[in-house]
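Read off the chains here:
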Amino acid sequence: MLALTLLVSTFAASASPVVVCGLARTHVGQVPASARLVAWGRFLTGESRTLAWLDAKAKVFVFDGGSRRASAVSQVDAPTAAWAWDDIDRDTRDDLVVGGPAWLESPGPGGAQTWEAHTQAKAALRAIKVVDLDADGKLDLVVGTTEGAIVVWRQVRKQQWDAHEVVHQGGGGWTTADMNADGRSDLVFADGWYETPVDVITGEWKHHALLLPRTHKDATVFAFDVNADKRIDVVVASPQAEGPARVTWYQAPENPNAPWQPHVVFVSTNNTPLQVLPHVSARGTSLIIGDQQGHLTQAELSNVGGLRSECVLSRSFRGDLHKVASTADETNSFIATETNAQGRVLVVRWQTPAAKPDQTPTPQPKTRP
């Protein structure tokens, strides 16, 4: 599984970041055109990041900065349209979570080693979340299968995981967020949320209605406090029955029994699925939106509702958009892939630049592709 090794000579990061739309853009590497999914994590050591990718033949490659080579480290057995990475076994190195689910354990320095696959099942997956659901200090998995099942995998120990199917919702976006401030992450859909019990396997997952419109099967859902009012809002990016795809922020009401106020904050030029990530900085909350026409857009939201400004980050977006990490110093950092004029696939990191003394942020113009 290990033998294939590729020489990669173009992984040098750009010398200094370029600021676009108030975000610092840094080139962190290049991946082959065959890369389907891309990650940038602390895979080989706990200190520095390197690239990993899944190719069209379901092989996982990891780039080793020491040897300047990318090596095939594993073969994914189950189809996956998503993956995730985090330090599953708390050894300071990030591991990969792929279809099945299965998590691929990083062996540490020496990127050419085979990564041990800890396979829990062999289901085809369309979504994966890594989160400590029950607040026991161990990371758990929540996966969405291509058949519409949402399954929780609780980590008992490194080699033992218990599973429970929470709901079979047949499509539509979902996410995790602590909706009731009890310290446990809940499962959130556009039309309601399931309260995580103390025991995620045997406990009752109580449903709470949100009464928002039912989402398209290719929708993306986020739940977080958009406007700093200490209430969890819901953001839905979805194709429409008619007209172009759009992103809607549903503002949580002060009265839990009142309607949620919708704010349409982005309308696409077509009706294909959108990729969306939240980005929070001193300026406020933005949504980073990637479409299938190659546009990566930053939509800054107003705390009083709606859109404050919109700015195009890139016109060569390729399709990978991921948060870099959940650690405090990198909460607002994300990566995206884009294609340059020569057809090469570049991996770009975007983050809020460090503020300089006496520097006043310059308002960005509203531009559209």
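So, how was this worked out
- Residues numbered from 1 in each chain as written.
- Predicted model: local features only at pLDDT ≥ 70, side-chain atom pairs only at ≥ 80, totals over all residues.
- Heavy atoms only, no water.
- Helix = DSSP H or I, 4+ residues; strand = E, 2+ residues; numbered from the N terminus.
- Buried < 20%, exposed > 50% of the residue type's maximum accessible area, 1.4 Å probe, protein only.
- Contact = heavy atoms within 4.5 Å.
- Areas by Shrake-Rupley, 256 points an atom, 1.4 Å probe, with all protein chains shown as cover.
- Salt bridge = Lys/Arg side-chain N within 4 Å of Asp/Glu carboxyl O.
- Phe/Tyr/Trp six-rings, centres within 6.5 Å; stacked < 30°, edge-to-face > 60°.
- Lys NZ or Arg CZ within 6 Å of the ring centre and 35° of its normal.
- Pairing = 2+ DSSP bridges.
- Axes fitted to C-alpha atoms, helices over the stretch in contact; angles between N-to-C directions.
- Polar contact = N/O pair within 3.5 Å; in protein donor to acceptor, adjacent residues only side chain to side chain.

**Student:** Would you take a moment to explain the overall build of the protein for this structure?
**Tutor:** Along the backbone of the protein there are zero helices and 30 strands. Buried positions account for 52% of the 369 residues belonging to the protein. A sequence separation of at least 24 residues applies to 41% of the contacts in the protein between residues at least 6 apart. Carbon and sulfur atoms make up 51% of the accessible area of the protein, which totals about 16400 Å².

**Student:** Mind showing me how you'd approach the environment of G22 here?
**Tutor:** With respect to the element layout, G22 can be found in the loop between strand 2 (18–20) and strand 3 (23–31). Distance in space between the C-alpha atoms of G22 and P353 is 7.7 Å, their sequence separation being 331 residues.

**Student:** Would you mind showing me how to read the pattern of salt bridges here?
**Tutor:** A side chain of one charge can pair with a side chain of the opposite charge when the charged atoms of the two come close. Applying the stated criterion across every chain, the model contains nine salt bridges. In this structure, the salt-bridge partner of D91 is R93, at a minimum N-O distance of 3.0 Å. Looking at D91, the relative accessible area reads 21%, which means it is partly exposed. According to the relative accessible area criterion, R93 is buried, its value standing at 18%. Residue D182 pairs with R184 through a salt bridge whose shortest N-O separation is 3.1 Å. Look at D182 and you get partly exposed, because its relative accessible area is 29%. Overall, R184 belongs to the buried group, its relative accessible area being 17%. Each of R154, D162 and D199 takes part in a single network of salt bridges with overlapping partners.

**Student:** For this particular structure, what's the right way to read the packing of aromatic side chains?
**Tutor:** What describes a pair of aromatic rings is the distance from one ring centre to the other and the angle between the planes of the rings. Under the criterion given, the structure shown has three aromatic pairs. Arranged with centres 5.8 Å apart and planes meeting at 10 degrees, the rings of W53 and F61 form a pair that is stacked. Classification of W53 as buried rests on a relative accessible area of 1%. On the basis of relative accessible area, F61 is assigned to the buried category, the value being 3%. In this structure, R49 packs its charged tip against the face of W40, placed 5.8 Å from the ring centre.

**Student:** Any chance you could explain the environment of S34 here in plain terms?
**Tutor:** If you trace the backbone, S34 turns up in the loop between strand 3 and strand 4 (35–41). In this structure S34 comes out as partly exposed when scored by relative accessible area, which is 38%. Separated by 21 residues in sequence, S34 and D55 have C-alpha atoms that sit 5.4 Å apart. Not counting chain neighbours up to four residues away, the residues in contact with S34 comprise L54, D55 and A56.

**Student:** Would you explain the sheet that holds strand 10 (residues 100–105) in this entry?
**Tutor:** Each strand in a sheet pairs with another by means of backbone hydrogen bonds, the pair being arranged parallel or else antiparallel. Ordered by their spatial adjacency, four strands build an open sheet running 8-9-10-11, and the pairing between neighbours is antiparallel. Of all strands in the sheet, those bounded by a partner on one side alone are strand 8 (84–86) and strand 11 (116–123). Between one strand axis and the next, the sheet turns through 15 degrees on average, direction left out of account. One ladder, built from three bridges, connects strand 9 (residues 95–98) with strand 10; its direction is antiparallel.

**Student:** Help me out: how do you make sense of the sheet that holds strand 19 (residues 206–209) in this one?
**Tutor:** Strand order in the open sheet made by the four strands is 16-17-18-19, with antiparallel pairing throughout. With partners counted over all chains shown, the strands left at the sheet margins are strand 16 (174–177) and strand 19, one partner each. If you compare each strand with its neighbour and ignore which way they point, the axes differ by 25 degrees on average. When strand 16 meets strand 17 (residues 186–189), the two strands line up antiparallel, connected through four bridges.

**Student:** What should I look at first to understand the pairing of strand 15 (residues 160–168) in this one?
**Tutor:** A regular strand places its side chains on the two faces of the sheet in alternate fashion. Sheet analysis places strand 14 (residues 149–157) next to strand 15, joined by eight bridges and oriented antiparallel. Across the sheet, the residue bridging to W153 is A163, located in strand 15. Connecting the antiparallel pair strand 14 and strand 15 is a turn made up of two residues.

**Student:** What is the right way to look at the pairing of strand 17 in this model?
**Tutor:** Side-chain alternation along strand 17 places D186 and V188 on one buried face and L187 and F189 on a second face that is also buried. Sheet analysis places strand 17 next to strand 18 (residues 192–195), joined by three bridges and oriented antiparallel. Residue pairing for strand 18: V188 is matched across the bridge by W193. Joining the antiparallel neighbours strand 17 and strand 18 is a turn of two residues.

**Student:** Looking at this model, I keep getting lost on the side chain of T50. Mind explaining?
**Tutor:** Position of T50 relative to the elements: it lies in strand 5 (residues 50–55). Only 2.4 Å separates the side chain of T50 from the backbone oxygen of F63, close enough to count as a polar contact.

**Student:** In this structure, what is going on with unusual backbone geometry? I would like to understand it.
**Tutor:** Only a minority of non-glycine residues have a phi that is not negative, and only a minority of peptide bonds are not trans. At the junction of G100 and P101, the peptide bond is cis and its omega measures out at 5 degrees in the coordinates. Take P101: it is sitting in strand 10. For T92, which is not a glycine, the phi torsion comes out positive at approximately 80 degrees. By the secondary structure assignment, T92 is in the loop between strand 8 and strand 9. In this structure T92 comes out as exposed when scored by relative accessible area, which is 54%. Of note, the phi angle at A181 is positive, near 55 degrees, even though the residue is not glycine. With respect to the helices, strands and loops of the structure, A181 is situated in the loop between strand 16 and strand 17. Given the relative accessible area of 68%, A181 is considered exposed.

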